[in-house]
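Coordinates in review
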Amino acid sequence: MEFEMRKQILLFTAIIFLEGCGTSKLSEKEVIGLAEKYVFENGYTDQEIRMDSDMIQLDITERIVSKETAIELRKNTLEPKATFYSKGLRRWTVGFRTTRDSTRFRILRVYRNGKKILMEHQDMKPRYDL
């Protein structure tokens, strides 16, 4: 009996922990808003913005060039509106269509209720022949 009680307490604690660090508090609308804001503020759209290069988040492939070059390379590479999204246990995945090839997408991951946002470093081309 005592073992069952400890097991239930441990399970309850794990659920509370996962709930606090996961994505449960973000609605679809909030996630899409955060993702579209990130894409805009980090220079991926065709909109002209002034960027502080100290604030830019470089992905793994951009670390070999200067931040100014990375900003130029990003300009007008993604559509400003999210194309798709999905919710996982620990993150949201949001897809943006690329401007160079309309069949390709770039994936943005939103973690920790919006406190951590990461852009995947390569484009994705979905397969439809399942």
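Our subject in this report is the structure included herewith. (Residues numbered from 1 in each chain as written. Predicted model: local features only at pLDDT ≥ 70, side-chain atom pairs only at ≥ 80, totals over all residues. Heavy atoms only, no water.)

1. Notes on unusual backbone geometry
We note that N76 has phi near 60°; this positive angle belongs to a residue other than glycine. Following the sequence through the fold, N76 ends up in the loop between α3 (67-74) and β1 (84-87). Relative accessible area serves as the criterion here: at 36%, N76 is assigned to the partly exposed category. A positive phi angle is found at R112, which is not glycine, with a value near 50°. (Helix = DSSP H or I, 4+ residues; strand = E, 2+ residues; numbered from the N terminus. Buried < 20%, exposed > 50% of the residue type's maximum accessible area, 1.4 Å probe, protein only.)

2. With respect to the sheet that holds strand β4 (residues 116-119)
Read from one edge of the open sheet, 4 strands run β1-β2-β3-β4, paired in antiparallel fashion. The open sheet has two edge strands with one neighbour each: β1 and β4. Averaged over all pairs of adjacent strands, the angle between strand axes in this sheet comes to 15°, irrespective of strand direction. With 7 bridges connecting them, strand β2 (residues 91-97) and strand β3 (residues 105-111) associate as antiparallel partners. In the strand pairing of β3, W92 is matched with V110. In the packing of helix α2 (residues 28-41) onto the sheet, the strands contacted are β1, β2, β3 and β4, and the crossing angle to β2 comes to about 55°. (Pairing = 2+ DSSP bridges. Axes fitted to C-alpha atoms, helices over the stretch in contact; angles between N-to-C directions. Contact = heavy atoms within 4.5 Å.)

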